[in-house]
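Coordinates in review
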Amino acid sequence: MLEPLRQGLPPLDPASVDNAASCALPARYEAVREARRFARRTLGQWELGDRFDDVCLVVSELVTNALRHALPANGPEPAEQEPPVRLHLMRWTDRLVCAVRDPSHDSPVARESDDFSAESGRGLFLVGSFSDSWGWHPLAGPLEGKVVWALFRLRPP
């Protein structure tokens, strides 16, 4: 089990964010495709299309982990509730943060495996490999659950 990770995430003033976008994702695996489309469209608008491949892989892994491990086992949420997973993209001049919020209080678990042909269990390893840093923290206040984030350093324009 991992303790909440904040190291590697420099202080980010939410008031100084250059661009921010988020989308709610339903509790079904098709949401991973929706998250990738949202990321592609958003990065294109922000003229960061050159980072799409890395960000897309990380978005896919974080959303898949939220859907697979962070939702209650008793099925989809009722229609009147907000979808349980939310993808946030935030851009500062020199960095991009991809964050996925889910309702679980359980910490992400990075599995160690020497089996590189396994079809699952390497998501957080990939997140760490394709982003500059990643971590998670529990939500406070009225929101329940946690946020798992990945940081990408951006090249100067």
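Computed from a prediction, not measured in an experiment: that's the story for all the values here. (Residues numbered from 1 in each chain as written. Predicted model: local features only at pLDDT ≥ 70, side-chain atom pairs only at ≥ 80, totals over all residues. Heavy atoms only, no water.)

Further remarks concern the overall build of the protein chain. Counting its secondary structure elements, the protein chain contains 3 helices and 5 strands. Counted from the first residue to the last, the protein chain has its helices and strands arranged as β-α-α-β-β-α-β-β. A burial count over the protein chain gives 42% of its 157 residues as buried. By sequence separation, contacts in the protein chain at least 24 residues apart represent 68% of the contacts at least 6 residues apart. By element, 51% of the accessible surface of the protein chain is carried by carbon and sulfur atoms, the whole surface being about 9,200 Å². (Helix = DSSP H or I, 4+ residues; strand = E, 2+ residues; numbered from the N terminus. Buried < 20%, exposed > 50% of the residue type's maximum accessible area, 1.4 Å probe, protein only. Contact = heavy atoms within 4.5 Å. Areas by Shrake-Rupley, 256 points an atom, 1.4 Å probe, with all protein chains shown as cover.)

Our focus in this paragraph is the nonpolar core. Leu25, Val59, Leu62, Val63 and Leu87 are the most contacted members of the largest nonpolar core, which has 34 residues in total. Take this core: its biggest share by element is 9 residues, from helix H2 (residues 52–69). Sequence-distant contacts of Leu62, that is, excluding residues within four places in its chain, are made with Cys98, Val100, Val127, Val148 and Ala150. One finds Val97, Leu139, Val147 and Leu151 within the second-largest nonpolar core, a separate group that totals 7 residues. (Core = buried A, V, L, I, M, F, W, Y, C linked by side-chain atoms within 4.5 Å.)

What follows is about the packing of helix H1 (residues 30–45) against H2. Contact pair H1 / H2: the axes reach a minimum separation of 9 Å and the direction vectors enclose 150 degrees. Once H1 is placed against H2, the crossing between them reads as right-handed. Two secondary-structure elements touch here, H1 through Ala31, Val32, Ala35, Arg36, Ala39, Arg40 and Leu43 and H2 through Phe52, Val55, Cys56, Val59, Ser60, Val63, Thr64 and Leu67. Per-class residue counts for the contact of H1 with H2 are 11 nonpolar, 2 polar and 2 charged. (Axes fitted to C-alpha atoms, helices over the stretch in contact; angles between N-to-C directions. Left-handed = near helix turned anticlockwise from the far one by under 90°. Nonpolar A, V, L, I, M, F, W, Y, C, P; charged D, E, K, R; others polar.)

This brings us to unusual backbone geometry. Positioned with a positive phi, Glu47 is a non-glycine residue whose angle comes to about 60 degrees. With respect to the secondary-structure elements, Glu47 resides in the loop between H1 and H2. Residue classification places Glu47 among the exposed positions, given a relative accessible area of 70%.

With that settled, consider the side chain of Arg51. Among the secondary structure elements, Arg51 is positioned in the loop between H1 and H2. Each residue touching Arg51, except ones within four places of it in the same chain, is listed here: Leu43, Phe152, Arg153 and Leu154.

Glancing now at the sheet that holds strand S1 (residues 19–25). The antiparallel open sheet is built from 5 strands, whose spatial order is S1-S2-S3-S5-S4. Strand pairing shows two members of the sheet lacking a second neighbour, S1 and strand S4 (133–138), which therefore form its edges. Put simply, the sheet's adjacent strands are angled 15 degrees from each other on average, direction ignored. Pairing geometry for S1 and strand S2 (residues 85–92), over 7 bridges, is antiparallel. Across the sheet, Ala21 pairs through a bridge with Leu89, a residue of S2. In this fold H1 packs onto S1, S2 and strand S3 (95–102), with an angle of close to 165 degrees to the strand it touches most, S1. (Pairing = 2+ DSSP bridges.)

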